[in-house]
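Take a look at the letters that make up each chain.
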Amino acid sequence: MNGNAVLDIRDLRVSFSVRRAGRKYQVRAVDGVSLSLAEGEVLGIVGESGCGKTTLGRSIVGLARPDSGTISFKGTDMTGASLRNMRLNIRMVFQDPYASLNPRRSIGDSVAEAGDINGFFTSRAERSAAIATTLTAVGLDPSFAARYPYELSGGQRQRAGIARTILPSPSIVIADEPVSALDVSVQAQVLNLMMDLREQLRLSMLFISHDLGVIGQISNRVAVMYMGRIVEQAATRTVLDDPRHPYTRSLVAAIPKPDPSKRILGAIETGEPPSLFKRPSGCAYAPRCPIASHRCLVDVPELRSAGADGRAIACHNA
Ligand SMILES: Nc1ncnc2c1ncn2[C@@H]1O[C@H](COP(=O)(O)OP(=O)(O)O)[C@@H](O)[C@H]1O
Ligand SMILES: [Mg+2]
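Residues numbered from 1 in each chain as written. Chains lettered and ligands numbered in written order. Predicted model: local features only at pLDDT ≥ 70, side-chain atom pairs only at ≥ 80, totals over all residues. Heavy atoms only, no water.

Taking an unreviewed UniProt entry as the reference, the chain is identified by name as Peptide ABC transporter ATP-binding protein belonging to Bradyrhizobium diazoefficiens. Taken from UniProt, the Sequence similarities (unreviewed entry) comment for the chain reads in full: "Belongs to the ABC transporter superfamily." (UniProt positions renumbered as here; feature names shortened; annotations may be inferred.)

(A) View of empty space enclosed by the protein. Inspection of the entire model under this criterion finds two cavities of 30 Å³ or more. In this structure, the largest cavity encloses a volume near 70 Å³. Of the residues belonging to the lining of the largest cavity, the class tally is 11 nonpolar, three polar and no charged. Lining of the second largest cavity is provided by Val93, Ile162, Thr165, Val173, Met194, Leu197, Leu203 and Met205. Residue assignment for the lining of the second largest cavity shows that the elements contributing at least two residues are α6 (154-165) and α7 (184-200). Partitioned by chemical class, the residues of the lining of the second largest cavity number seven nonpolar, one polar and no charged. (1 Å grid on protein atoms, 1.4 Å probe; cavity = no way out; pocket = protein on both sides within 12 Å on 5 of 7 lines; lining within 4 Å. Points joined across faces, edges and corners; volume = space filled by probe spheres on them. Nonpolar A, V, L, I, M, F, W, Y, C, P; charged D, E, K, R; others polar. Helix = DSSP H or I, 4+ residues; strand = E, 2+ residues; numbered from the N terminus.)

(B) Here's a closer look at the pattern of salt bridges. Scanning the entire structure with this criterion turns up 17 salt bridges. With a shortest N-O distance of 3.1 Å, Asp8 and Arg10 are connected by a salt bridge. Looking at Asp8, the relative accessible area reads 3%, which means it is buried. Here Arg10 falls in the partly exposed class, since its relative accessible area comes to 37%. For Arg229, the salt bridge goes to Glu302, with nearest N and O atoms at 4.0 Å. Note that Arg229 is positioned in strand β10 (residues 229-235) and Glu302 in the loop between α11 (294-298) and β11 (304-305), a separation of 73 residues in sequence. Residues joined in a network through salt bridges with shared partners are Asp11, Arg13, Arg28, Asp31, Arg229 and Glu302. (Salt bridge = Lys/Arg side-chain N within 4 Å of Asp/Glu carboxyl O. Buried < 20%, exposed > 50% of the residue type's maximum accessible area, 1.4 Å probe, protein only.)

(C) Seen up close, the environment of Val224. Tracing the backbone shows Val224 in strand β9 (residues 221-226). Taking the C-alpha atoms as reference points, Val224 and His245, separated by 21 residues in sequence, lie 9.3 Å from one another.

(D) Inspection of the nonpolar core at higher detail. By size, the foremost hydrophobic cluster in this structure holds 54 residues, and its most contacted members are Leu135, Val138, Ile162, Met194, Phe207 and Leu212. For this core, the element with the highest residue contribution is α7, accounting for six residues. Leaving out residues up to four positions away in the same chain, Met194 has contacts with Ile162, Ala175, Pro178, Met205, Phe207 and Ile218. One finds Leu7, Val14, Leu35 and Leu206 within the second-largest nonpolar core, a separate group that totals 28 residues. (Core = buried A, V, L, I, M, F, W, Y, C linked by side-chain atoms within 4.5 Å. Contact = heavy atoms within 4.5 Å.)

(E) Expanded view of the packing of helix α4 (residues 107-117) against α6. Their axes nearest at 7 Å, the elements α4 and α6 cross at an angle of 30°. Classified by the interaxial angle, the pair formed by α4 and α6 is roughly parallel. Residues Ile107, Ser110, Val111 and Glu113 of α4 touch α6, and the partners they reach there are Ala160, Ala163 and Arg164. Split by residue class, the contact of α4 with α6 holds four nonpolar, one polar and two charged. (Axes fitted to C-alpha atoms, helices over the stretch in contact; angles between N-to-C directions. Parallel < 35°, antiparallel > 145°, perpendicular 65-115°, else oblique.)

(F) Structural view of the side chain of Ser59. Mapped onto the secondary structure, Ser59 falls in helix α1 (residues 53-60). Separated by 2.7 Å, the side chain of Ser59 and the backbone oxygen of Leu56 make a polar contact. Among residues more than four places away in sequence, those in contact with Ser59 are Leu12, Val14, Ala64, Pro66 and Ile71. (Polar contact = N/O pair within 3.5 Å; in protein donor to acceptor, adjacent residues only side chain to side chain.)

(G) Representation of the sheet that holds strand β5 (residues 76-77). Sheet architecture is open: four strands sit in the order β2-β1-β4-β5, paired in antiparallel fashion. Of all strands in the sheet, those bounded by a partner on one side alone are β2 (23-38) and β5. Sheet topology note: the strand β1 (residues 5-20)/β2 ladder contains 13 bridges and is antiparallel. What sits directly across from Val14, in β2, is Val30. Across the sheet, α1 touches β1, β2 and β4 (68-73), and the angle it forms with β1 is around 120°. (Pairing = 2+ DSSP bridges.)

(H) Expanded view of helix α10 (residues 246-253). For α10, the buried fraction is high: six of the eight residues fall into the buried class. When α10 is considered as a whole, its buried residues turn out to be Pro246, Tyr247, Thr248, Ser250, Leu251 and Val252. Next to the buried residues of α10 lie β3 (42-46), α8 (212-218), β9, β10 and α9 (236-241).

Put into structure tokens, the structure is as follows:
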């Protein structure tokens, strides 16, 4: 594994059994993902809806149970026992702040919840002071501690959702589409807040989004996911300027660019959007891919390193 990785994931698999039209299916939401996150790094995870991003994030914080694979935090495998302590080190920000804030609890109580459960505060005064400091850090007045979620705007609620994850201060934040549900005008403010916090608290971050434009603003490195697997991974600039995997190319082509000479010609996708109920036997992208060959229909491409810049790609023809 990578020596200075705070998080190292090897061959992670998470599946769900679901019933559809009277038949039982095993849906492979995460299908063999390996990645590592360096100290202080922001790794963007991008891919379309249903490709397994949220399941990946939930399994890292212990909310979904992996079938197999390992998740190591600073070199210690956390798929085993002492999860409690680990969970304070890795916290998750959810897309919908409504879902992560209990409507019947005050903002202050929600923000202090992890600290309360883990006996982090030694006195009422210390607890109140920590709540006030944390609210201030996310740009909310300390008086918000006494308010309830329904009294807050979408942006304020997401700030409170972020405050919940940084008390006590974690090592890693997993941000799952943290701005996707917000008005465009508020998105940039919340992104800026996350970048400030990352620096102040020296956080490492997995930043999940379906929007490569948003990922490009905040990530050092990007991993592109398709049907539960990583298909391309590289430094953010490399992915944006020189995408190689045909799926990455189509994502990059979809980002609006003011300078026509900087446009990347997207491969025109041909087939249908994927269904996890009908997983192709070869490369999962092959049915949509404009450069697929016969081999792609039968042989799953492994993620292999390609080039000196740390790029890895899973494609037979790129
Ligand atoms: N609790 C669950 N039970 C059954 N299927 C699930 C569950 N959670 C996710 N899935 C399925 O797993 C796949 C990946 O979902 P998800 O991780 O939410 O993707 P994303 O976040 O990229 O949109 C989808 O097909 C979804 O329907
Ligand atoms: Mg999701």
